[in-house]
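Chain residues, written in single-letter form:
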Amino acid sequence: DLDVVTEEDSGFATGTVHLLGRAPGMREVFQNIHQAAATDIPILIAGETGTGKDLVAQAVHESSARRENAYIPVHLGALPPELVASELFGHERGAFTGATERRIGQFELGNEGTIFLDEISTIDEKVQISLLRLIEQRKFTRLGGRKPLHTNARVIAATNENLRSLVEQGTFREDLYYRLDVFHIDVPPLRERHGDIPLLVSSFIRRYNHAFQKSVRGISAEAAS
C-alpha cells in the first residue's frame, strides 16, 4: 500500500520558508520561532550540519517586525579567516594589501534587518572582540576606518559545535557566548524525528512530481520504516 501523508497542521510557514514536522522536537522549534520573532534579542541556533538552522533563522526574520528589511546570511566557515572582518564590518581603501576601494560590510548593508552568522564558532579572537562590541554598543568600525558606525541589525548566530565546550577550552570568548546565547533554539537531527519521515517524503514527491511532470503517488510503508 502507498503511504500518502498530508502537510495540514504539520509545520511552520512564512513568506519563503516552509518547515515540516510533527515530532515533539520540531513542535518546540516552531514554538521557539514564534517567541523569538516577538522579541529583538540575539538568538543562537544549535544543531548538526544539515538540520536546517538557516531556514529556522529565516523563519524568525520573516515572522518578525523586521520582515520588510534585509535578511543577510553570512556563512562564516566558507570565508577565508583573513576576510571575515571585512565581510562583516567593511573596509576603507588602503586598509590592507588589495583593498583598492571602500567596501561596505554586511552589518552596514543589513541595518534595521537581520544578519545570520552561520558557523559562528569559526571566527578568530579579533573578530570575536569586534562582534562583542557591536552587540553591546551597536557600533563598529570599518577596517582602516576611524569613524564609528551605528547598526540596528539583529544578530542570529548558528553553530554545529558546542560553544560552551569551546569556551571551556579557551577558543571562544565567554562574554561573547553569553551575548549570543540570549535566546536558544535547538534543531533536532532527522534521526530523532523518525515519525516525520513519511511527511517529508510526501512533500518531496509532490514537489518533484510538479518539477519533473511525474505522477508518483507515494512510497510503501516498508520503505518509510
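The shown structure was predicted, so the numbers you read here are calculated from the model rather than taken from an experiment. (Residues numbered from 1 in each chain as written. Predicted model: local features only at pLDDT ≥ 70, side-chain atom pairs only at ≥ 80, totals over all residues. Heavy atoms only, no water.)

Colleague: Would you take a moment to explain the overall build of the chain for this structure?
Modeller: In terms of regular secondary structure, the chain is built from nine helices and eleven strands. With respect to the principal axes defined by its C-alpha atoms, the chain has extents near 70 × 40 × 30 Å. By residue count, 44% of the 225 residues in the chain fall in the buried class. Within the chain, contacts between residues separated by at least 24 positions form 69% of all contacts whose residues are at least 6 apart in sequence. For the chain, the exposed surface amounts to about 12,300 Å²; the carbon and sulfur share of it is 49%. (Helix = DSSP H or I, 4+ residues; strand = E, 2+ residues; numbered from the N terminus. Buried < 20%, exposed > 50% of the residue type's maximum accessible area, 1.4 Å probe, protein only. Contact = heavy atoms within 4.5 Å. Areas by Shrake-Rupley, 256 points an atom, 1.4 Å probe, with all protein chains shown as cover.)

Colleague: What is the right way to look at the pairing of strand 10 (residues 183–186) in this model?
Modeller: Working note: regular strand, side chains alternate between the two faces of the sheet. Going residue by residue along strand 10, you find Phe183 and Ile185 tucked away on one face and His184 and Asp186 left uncovered on the opposite face. Bridge analysis of strand 4 (residues 43–46) against strand 10 gives four bridges, and the strand direction is parallel. Within strand 10, the residue paired with alanine 46 across the bridge is aspartate 186. (Pairing = 2+ DSSP bridges.)

Colleague: Can you walk me through the side chain of lysine 53 in this structure?
Modeller: By secondary structure assignment, the location of lysine 53 is in helix 2 (residues 53–63). Here lysine 53 occupies a buried position and makes no salt bridge, while the nearest side chain of opposite charge, aspartate 118, is found at 5.1 Å. For lysine 53, the side chain forms a polar contact with the main-chain oxygen of glycine 47, separated by 3.0 Å. When sequence neighbours within four positions are dropped, the list of residues in contact with lysine 53 reads Ile45, Ala46, Gly47, Glu48, Phe116, Asp118, Ala158, Thr159, Asn160 and Val187. (Lys, Arg positive; Asp, Glu negative; His and termini not counted. Salt bridge = Lys/Arg side-chain N within 4 Å of Asp/Glu carboxyl O. Polar contact = N/O pair within 3.5 Å; in protein donor to acceptor, adjacent residues only side chain to side chain.)

Colleague: How should the packing of helix 1 (residues 24–37) against helix 2 be read in this particular structure?
Modeller: Two measures define how a pair of helices packs: the angle their axes make with one another and the distance between the axes. Contact pair helix 1 / helix 2: the axes reach a minimum separation of 8 Å and the direction vectors enclose 45 degrees. Between helix 1 and helix 2, the angle is such that the two are oblique. When you trace helix 1 past helix 2, the crossing you get is right-handed. Contacts between helix 1 and helix 2 involve Val29, Ile33, Ala36 and Ala37 on the former and, on the latter, Val56, Ala59, Val60 and Ser63. Here the residues of the contact of helix 1 with helix 2 sort into seven nonpolar, one polar and no charged. (Axes fitted to C-alpha atoms, helices over the stretch in contact; angles between N-to-C directions. Parallel < 35°, antiparallel > 145°, perpendicular 65-115°, else oblique. Left-handed = near helix turned anticlockwise from the far one by under 90°. Nonpolar A, V, L, I, M, F, W, Y, C, P; charged D, E, K, R; others polar.)

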